[in-house]
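# Overview (structure and organization)
Here is how the chains run, residue by residue.
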Amino acid sequence: MAVVGATGAVGIEMIKTLEKRNFPVSKLTLLASARSVGRKLKFRGQEITVKELTKDAFAGIDIALFSAGGSISKEFAPLAAKAGCVVIDNSSAFRMDNDVPLVIPEINAGDLRHHKGIIANPNCTTAVTLMALYPLHEAFNVRRIFASSYQAVSGTGAKAIDELQRQVSQIVEAKPVTKEVYPHQIAFNVLPHVDSFLPSGYTKEEMKMENEGRKIMHHPAFRASVTCVRVPVYRAHSVAVSAEFEKPVTVDNAREVLLKAPGLDVVDNPEKKEYPLPLYAAERYNCQVGRIRKDCAFDNGLCFWVVGDQLLKGAALNAVQIAEELLK
Ligand SMILES: NC(=O)c1ccc[n+]([C@@H]2O[C@H](COP(=O)([O-])OP(=O)(O)OC[C@H]3O[C@@H](n4cnc5c(N)ncnc54)[C@H](OP(=O)(O)O)[C@@H]3O)[C@@H](O)[C@H]2O)c1
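Below: a short report on this structure. From a predicted model like this one, the values you see are computed outputs, not experimental measurements.

### Section: the site of the ligand
In the vicinity of the ligand there are 26 residues, among which Thr7, Ser33, Arg35, Ser36 and Ala158 approach most closely. Between the ligand and the protein, one listed contact pairs an oxygen atom with a backbone N or O atom of glycine 5 at 3.1 Å. Protein burial of the ligand: of its 900 Å² of free accessible surface, 77% is covered by the chains. Each residue belonging to the shell around the ligand can be placed in one class, and the counts come to 11 nonpolar, 14 polar and 1 charged.

### Comments concerning the sheet that holds strand β1 (residues 2-4)
The strand order across the open sheet formed by 6 strands is β5-β2-β1-β6-β7-β8, and the pairing between neighbours is parallel. The open sheet has two edge strands, β5 (51-52) and β8 (118-120), and neither has a second partner. In this structure, strand β2 (residues 29-32) lies alongside β5, joined through 2 bridges in parallel fashion. For alanine 32, the partnering residue across the bridge sits in β5 and is glutamate 52. Of the strands in this sheet, β1, β2 and β6 (63-66) are in contact with helix α1 (residues 9-20), which crosses β1 at around 160°. Across the sheet, helix α9 (residues 312-327) touches β6, β7 (86-89) and β8, and the angle it forms with β7 is around 150°.

### A few points about the environment of phenylalanine 298
When you line up the elements, phenylalanine 298 lands in the loop between β13 (287-294) and β14 (301-308). Residue phenylalanine 298 is classed as buried on the basis of its relative accessible area of 13%. Through-space distance from the C-alpha of phenylalanine 298 to that of threonine 203 is 26 Å; in sequence the pair is 95 residues apart.

### Thoughts on the nonpolar core
Judged by nonpolar contacts, the single largest core of 57 residues is most densely connected at Phe58, Phe66, Leu133, Ile145, Phe245 and Phe304. The biggest single contributor to this core is helix α4 (residues 124-140), with 9 residues. Residue contacts for isoleucine 145: discarding those within four places in its chain leaves Thr129, Leu133, Met209, Phe222, Arg223, Ala224, Ser225, Val241, Ser242 and Ala243. Membership of the second largest hydrophobic core comes to 31 residues, among which are Ala6, Leu30, Val103 and Ala316.

### Examining unusual backbone geometry
The backbone phi angle of aspartate 195 is positive, close to 75°, even though this residue is not glycine. Note that aspartate 195 resides in the loop between α5 (158-172) and α6 (204-217). Of note in the backbone geometry, glutamate 283 takes a positive phi value of approximately 70° without being a glycine. Turning to its location among the elements, glutamate 283 is positioned in the loop between α8 (278-281) and β13.

### Some points on α1
In this model, α1 (12 residues) spans 17 Å end to end at C-alpha, consistent with the 16 Å of a helix rising 1.5 Å per residue. Inspection of α1 places Ala9, Val10, Gly11, Glu13, Met14, Ile15, Thr17 and Leu18 among the buried residues, and these make up the whole buried set. Its buried side turned inward, α1 meets β1, β2, β3 (40-43), β6, α5 and α9. A positive phi of about 55° marks asparagine 22, the residue just after α1.

What counts and how
Residues numbered from 1 in each chain as written. Predicted model: local features only at pLDDT ≥ 70, side-chain atom pairs only at ≥ 80, totals over all residues. Heavy atoms only, no water. Near = heavy atom within 4 Å. Polar contact = N/O pair within 3.5 Å; in protein donor to acceptor, adjacent residues only side chain to side chain. Areas by Shrake-Rupley, 256 points an atom, 1.4 Å probe, with all protein chains shown as cover. Nonpolar A, V, L, I, M, F, W, Y, C, P; charged D, E, K, R; others polar. Pairing = 2+ DSSP bridges. Helix = DSSP H or I, 4+ residues; strand = E, 2+ residues; numbered from the N terminus. Contact = heavy atoms within 4.5 Å. Axes fitted to C-alpha atoms, helices over the stretch in contact; angles between N-to-C directions. Buried < 20%, exposed > 50% of the residue type's maximum accessible area, 1.4 Å probe, protein only. Core = buried A, V, L, I, M, F, W, Y, C linked by side-chain atoms within 4.5 Å. Expected span 1.5 Å × (residues − 1).

Written as structure tokens, this is what we have:
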């Protein structure tokens, strides 16, 4: 088994998830850029030395989990597949390719049958949203959603976690705030800007919900209008969703469906001030849904608030779950 991008925010979680879920790994190879060569990372109590990602790094490897960015995936994933390795890729490089299954195991594990050496992991905000939306779609047929995301800085990677920590310290110490990752200060602010802007005015991240949602749910008519927002939260994305369905939906029926949904916990007791919070959803495998209510602007509509650790369900956990499916 190999982890490509092992030193990154997602890579570190991949190593932890392989260990925690006792995935059958006989040898783990950790790959990153030349900057990290010689760094040691722990797996099952042993220190493994990080090696440089090179074209011939995949000989003898059965499964490679990639999380080193789109350009690295584009260059190295086809080489790894050619060397006989199954690639599970976290970047957006192959998600919309017809030959590449885009999989959330709780939703469309069956698509894995058609893989040709590369399998894609979905966008993190899309994955968290679909964990609640898909079971509702199965029951009531979703037509369209309007959604706003509240995305944690770890979604941008390890350097963005450092940026929030640094800016918080700078502000507390009354020092000038410095920016390296985001175009504006992220501490004590929210940025309505995730990923790059398209000519339509939406960002690429915002369009992933519709495009990837259609592919994963096998629902080509699904429509999604999304505003993605970066918030000064370290870990776990939250999404406020208004969904319109073909079939009539009640809160009780929806709750019944959501209570049975795999990988999802219903946390919905507003009287007791219980609803999903990113602080408490962090480091958990299951996503959480709450604030379930009838949408007052749609006839067959439902509002809900879904939260999930995007480093896990939006990346490392989903990738390891895909690897587990491959072994079945
Ligand atoms: N963060 C999330 O929540 C999330 C969720 C879903 C998908 N993803 C995707 O996962 C990927 C990684 O994200 P991240 O958040 O983990 O980023 P990150 O913290 O910045 O980590 C990037 C990783 O890629 C490695 N890398 C960079 N350039 C490289 C090169 N030239 N050759 C080999 N390795 C190289 C880095 O190694 P060095 O340490 O040596 O630089 C590091 O291990 C991205 O494609 C991202 O879109 C992230």
